[in-house]
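Below, each chain spelled out in residue letters.
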Amino acid sequence: MSRIALAVVTPALAACSGRPPVLDPGGPQAARIASYWWLNFWIAVVVLAAVIAFLVDTVVRRRATLTTAIVPVEPRAERRVMIGVSVAVGLTAVTLLGLVIADATTGRGLRSLSGEEPAVTIEVTAQQWWWDAEYWDPVPSQRFRTANEIHIPVGRAVLVKTKSLDVNHSFWVPGLHGKQDHIPGHNSSLTLKADHPGRFAGRCAEFCGLQHAHMQLLVFADPPEVFEAWRAAQRRPAAEPTSQPALRGRDVFMSGPCVLCHTVLGTPAGARLGPDLTHVGSRTMLAAGTVLNTPGHLGGWITDPQSIKPGNRMPASSFPADDLQALIVYVSGLK
Amino acid sequence: MRRAVDPPHDAVARVELERAWSTPPGFLGWLTSARHTSVATRYIVTAFGFFVLGGVLAALMRLQLARPNLHLIGPDLYNQIFTMHGSTMMFLFAVPIMEAFAIYLVPLMIGTRNVAFPRMNNLGYWIYLIGGILLWTAFLLNVGPDAGWFAYVPLSGPGYSPGKRVDIWAQMITFTEIAALVAAVEVVVTVFKLRCPGMALNRMPIFVWSMLVMAFMVIFAMPAIMVSSTMLAMDRLVDTHFFNPAEGGDALLWQHLFWFFGHPEVYIIFIPATGFVSAIIPTFARRPIFGYPAMVLSLIATGFLGFGLWVHHMFATPLPQLGATFFTVSSMMIAIPSGIQVFCWLATLRLGRVVFRAPLLYALGFIALFVAGGLTGVMQASVPLDLQVHDSYFVVAHFHYVLIGGAVFPLLGALLYWLPKISGRMPNERLGRWGFAVLFIGFNLTFFPMHVLGLGGMPRRVYTYAADTGWATGNLMTSLGAVVLTIGFVLFLANVAWTLRWGPPAGDDPWSASTLEWATSSPPPSYNFAYLPTVDDRDPLWSPTEQPVVTGLRTDVREILITDAIDATPDHRQHLDGGSIWPFLTAVAAGIGVITAIFTPWGVTIGAVLCAITLTGWFWPRVPSGREARRSA
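Computed from a predicted model, the values in this text were never measured in an experiment.

*Asks:* Give a description of the sheet that holds strand 2 (residues 120-127) of chain A that names residues and reports values.
*Replies:* Residue and element names in this part refer to chain A. Pairing within the open sheet is mixed, and its five strands lie in the order 4-3-2-6-9. Only two strands of the sheet have a single partner each, and these edge strands are strand 4 (144-147) and strand 9 (188-192). For this sheet, the mean angle separating the axes of adjacent strands, direction not counted, is 25°. In the sheet, strand 6 (residues 158-164) pairs with strand 9 via five bridges, with the strands oriented antiparallel. By the bridge assignment, K161 is partnered in strand 9 with S189. Docked against the sheet, helix 4 (residues 224-235) engages strand 2, strand 3 (130-135) and strand 4, running at close to 105° with respect to strand 4.

*Asks:* I'd like to hear about unusual backbone geometry, residue by residue, with values.
*Replies:* Residue A:W129 follows A:Q128 across a cis peptide bond; omega there is -10°. Examined against the element boundaries, A:W129 turns out to sit in the loop between strand 2 and strand 3. Cis geometry marks the peptide bond from B:S522 to B:P523, where omega comes out at -10°. Relative to the assigned elements, B:P523 resides in the loop between helix 16 (472-502) and strand 2 (559-563). For B:R286, which is not glycine, the phi torsion reads 55° and is therefore positive. Assignment of secondary structure puts B:R286 in the loop between helix 8 (251-285) and helix 9 (292-305). A positive phi angle, close to 60°, is found at B:R461, a residue other than glycine.

*Asks:* Which residues make up empty space enclosed by the protein, and what values go with them?
*Replies:* Residues and elements named next belong to chain B. Applying the stated criterion across every chain, the model contains four cavities of 30 Å³ or more. By volume, the largest cavity amounts to about 60 Å³. Per element, the largest residue contribution to the lining of the largest cavity is four residues, and it comes from helix 4 (residues 75-109). For the lining of the largest cavity, the class distribution of residues is eight nonpolar, one polar and two charged. When its volume is computed, the second largest cavity comes out at roughly 50 Å³. Surrounding the second largest cavity, R357, A358, P359, L416, M426, P427, N428, E429, G432, N495 and W511 form its lining.

*Asks:* Requested: an account of the sheet that holds strand 8 (residues 180-182) of chain A, with residues and values cited.
*Replies:* All names here are of chain A. With respect to topology, five strands assemble into an open sheet ordered 5-11-10-7-8, the strand pairing being mixed. Of all the strands in the sheet, just strand 5 (149-153) and strand 8 have a single pairing partner and so form its edges. Averaged over all pairs of adjacent strands, the angle between their axes in this sheet comes to 25°, without regard to strand direction. Relative to strand 10 (residues 198-204), strand 7 (residues 169-172) is paired through two bridges, and the arrangement is antiparallel.

*Asks:* Please provide a residue-by-residue account of the nonpolar core, values included.
*Replies:* Core analysis: the largest hydrophobic core is formed by 285 residues, its most contacted members being B:F101, B:W169, B:F207, B:I367, B:F409 and B:W418. Tallying contributions element by element places helix 4 of chain B first for this core, with 22 residues. Those residues in contact with B:F409 that lie beyond four places of it in its chain are B:Y362, B:F366, B:L369, B:I404, B:F436, B:L439, B:F440 and B:F443. If you look at the next biggest cluster of nonpolar residues, it comprises 19 residues, including A:A269, A:L327, A:Y330 and A:L334.

*Asks:* Tell me about the domain arrangement of chain A, and please be specific about residues and values.
*Replies:* Splitting chain A by domain gives domain 1 (18-112), domain 2 (117-235) and domain 3 (244-332). A C-alpha centroid distance of 55 Å is found between domain 1 of chain A and domain 3 of chain A.

*Asks:* With reference to specific residues and values, describe the interface of chain B and chain A.
*Replies:* Quoted interface sizes are often the accessible area lost when the parts come together. Of the residues lining the interface, 93 residues belong to chain B; the matching set on chain A comes to 87 residues. If you look at where chain B meets chain A, you find three salt bridges. When the shortest N-O distance is used, the salt bridge between B:R461 and A:E206 registers 3.8 Å. Our count for the contact surface shared by chain B and chain A stands at 24 residue pairs in polar contact (both at pLDDT 80 or more). Per-element tally for the side of chain B that touches chain A: the top contributor is helix 11 (residues 335-351) of chain B, with nine residues.

*Asks:* Could you give an account of helix 8 of chain B, with specific residues and numbers?
*Replies:* Residue and element names in this part refer to chain B. For helix 8, spanning 35 residues, the distance from its first C-alpha to its last is 51 Å, which sits close to the expected 51 Å at 1.5 Å a residue. Along helix 8, the helix axis deviates most sharply at W259, where the bend reaches about 30°. With respect to burial, helix 8 is a largely interior element, 31 of its 35 residues being buried. Two to three positions downstream of the cap, the backbone nitrogen of L252 sits 3.0 Å from a side-chain oxygen, assigning the N-cap of helix 8 to D250. Positioned one or two residues after helix 8, R286 has a phi angle of 55°, which is positive.

Reading the values: rules and limits
- Residues numbered from 1 in each chain as written.
- Chains lettered and ligands numbered in written order.
- Predicted model: local features only at pLDDT ≥ 70, side-chain atom pairs only at ≥ 80, totals over all residues.
- Heavy atoms only, no water.
- Pairing = 2+ DSSP bridges.
- Helix = DSSP H or I, 4+ residues; strand = E, 2+ residues; numbered from the N terminus.
- Axes fitted to C-alpha atoms, helices over the stretch in contact; angles between N-to-C directions.
- Contact = heavy atoms within 4.5 Å.
- 1 Å grid on protein atoms, 1.4 Å probe; cavity = no way out; pocket = protein on both sides within 12 Å on 5 of 7 lines; lining within 4 Å.
- Points joined across faces, edges and corners; volume = space filled by probe spheres on them.
- Nonpolar A, V, L, I, M, F, W, Y, C, P; charged D, E, K, R; others polar.
- Core = buried A, V, L, I, M, F, W, Y, C linked by side-chain atoms within 4.5 Å.
- Buried < 20%, exposed > 50% of the residue type's maximum accessible area, 1.4 Å probe, protein only.
- Domains from an automatic or database assignment.
- Salt bridge = Lys/Arg side-chain N within 4 Å of Asp/Glu carboxyl O.
- Polar contact = N/O pair within 3.5 Å; in protein donor to acceptor, adjacent residues only side chain to side chain.
- Expected span 1.5 Å × (residues − 1).
- Bend = angle between axes of the 7 residues up to and from the residue.

Okay, here's the thing in structure tokens:
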């Protein structure tokens, strides 16, 4: 039986090419959870191995056939085994008590970050099937919105307020922290901190309908000066297009269906149904992490979003070929 | 050592008993049957049918997830498939099959002729069948529920799930609630009042105890889902706004109500499975179970604790920390009674001998898999760790270890163990061992990699994933493992088919086991025992002393012996109802009402009127039939 277990474990470990994000922490909270995991993992390995070893040993020693007479109950052997069972139950209880203490310590460690003054506050509003992120600032003109990709400064506490506009969602960036559900009618938040620069993949973890699979979120942990530069750029309204196709693309955007749902700051487009596109050209992915943000994908997404992400809320729009080209130039130019 | 509880007796009594207890032949007899073994067999076959259907859905999901970015199944169909898989396995397979085993075995194990309410038993089956047919017909018509087996609001509410898909789910729940409650009441009353003389509570087989605890848990857990599914149906049908945050309702309330049922549900499935193990292990260890009082108290403790940990399904929701800690502790605490049971099984084997037969293999496999699943369960009791693994494939791995490893393995073992009793034929030992080996390996190949996928960040309920996620290898291994697992199930079913067709005669007691169901013929006669047994021991068939049997019960009419709930001292004789068409008609009436209520609130009125008519027919006072009247005169 142990050979079977070995045969099972080896390929499974081989399957985790690269370390799984839960065990490859990018911040103090994920690190605390990962060390609590390893404590549990080793306890589990020891307990399971002990039970299986005992079972195998018993089977080997006590083999018999159905014709074997009923084994009489011997009080002395019973008593000895009763002591063994009691010790095992006691050890179980003590181990569980230890785990409860370790759990409480880990939980306290996780919460300790909430005491820090957050450097950045982001209100993340989940909806079917994308994330709206508003970087909060006491000065209204300094607030800005983005979608599906957020940047945070390394080494600073970041407060993420989680809200939902429609159904339940869950904010999960396993490299940084555990989940926080977005539940309509309930406000919740979590505090994150990254301790090294990097890109952390996140996704919606609560089933939210047709495109639950394509509701991803990218978190970029930037060195503080990079973050500041990014934030300053995001606060600016969209740059005036300079090239001829981009100018035409802007006209197509403003006179077409795009303005019904999207915002581009600095232009008349101000609708809030879809993601804010003011700086969409600076994002790496489209459609909440579904495809890379390339002009080709953008064109496909505008003309036939339903085949890229079936069921999503973006309607297909048809444009004459050169209008479409101009639109792509304009939208990808919104850096 | 062994001795017959059922002594030789006059043939006249057997003929009379057969006439009094047998089911009339033909289709009508089939519809009206009041025989507990027939209803239970039907239940078992139906539940296994749903198990196969649920398994086909699982195979479809593994096909779609085998490679990244596959487009075999679109999101709409995939969401229906995983919802149907969960709902079918939980509501149409796992709970009903446990109840079915209880209905089959409890009367035999406690030495009586039938369950306490034979007609209600029949009603439960038809209700269950109608619910299952409703769900699967809807699915085949592309109206299958698609909001998950947990149907979280607001997604399942009127705003985000238009159409009738979720209503079908909610009403299927109504059917299974009725069927489960019927079976639970049946088991509780049968166990408390119909035990044979001498079978005091402290002599009851652990199996019967586990079914009793399961039945009580059903009685306390089902009202929560009954309330919540009805509120959901009302939100959808008549705009009650119970769960609509925009109108003062609360989306979290659903989660509380659902998991207050949903967590005990897991134990409703698991506790009977431990009962199977506690029946199989002593037989093949050739000695009584070790630590009987500790085992019984563990079962009862699990039954209570099972109601105190539903919030561990909700750790990621905005709930206060202090409350969460309470549920962490209660969730970890349940490892203690489970641990006691595992240690007692190990002790039983250690102090006895190990007869290596197929049913025991399943019990041993269960111990290994259940301990593994229990350990990952302890991990998820902790809030910090649960925040990472919750709703990821780690959880999928965990609950398949406890549900397949912890419940289906014992169930398959139980089927092989009692198949000789049910069919009168012995299963094929070689095929049984091969089936077990392939199932065990296939199970681990399928579900072990899911732990790694979950830690790798793969959420549940996604219909596809990108190639750059790092999940491709793990998913491929899981899908290939599912092929092995499927072969294992096919081998198992082939063994059952072989047994029914070619199995050698089993005799009364092929395993030389200790409980009363082995004291009668295989399959049991319609009256179970010609003379009701009495017992003075927990393992009556292993007891060296000669036991008297009960005499004086009438053999020409359906008469059973009612005994005291604690000590099982004889109390009085009771006439038991025979078959009737009214339970079937009542099930049809209720079915019409519940299904119509999916479309219009008038369904409630129509159903109430139809049920009033059929129940009136059911309970209409009748003059005893000619023969009975003559005899009692």
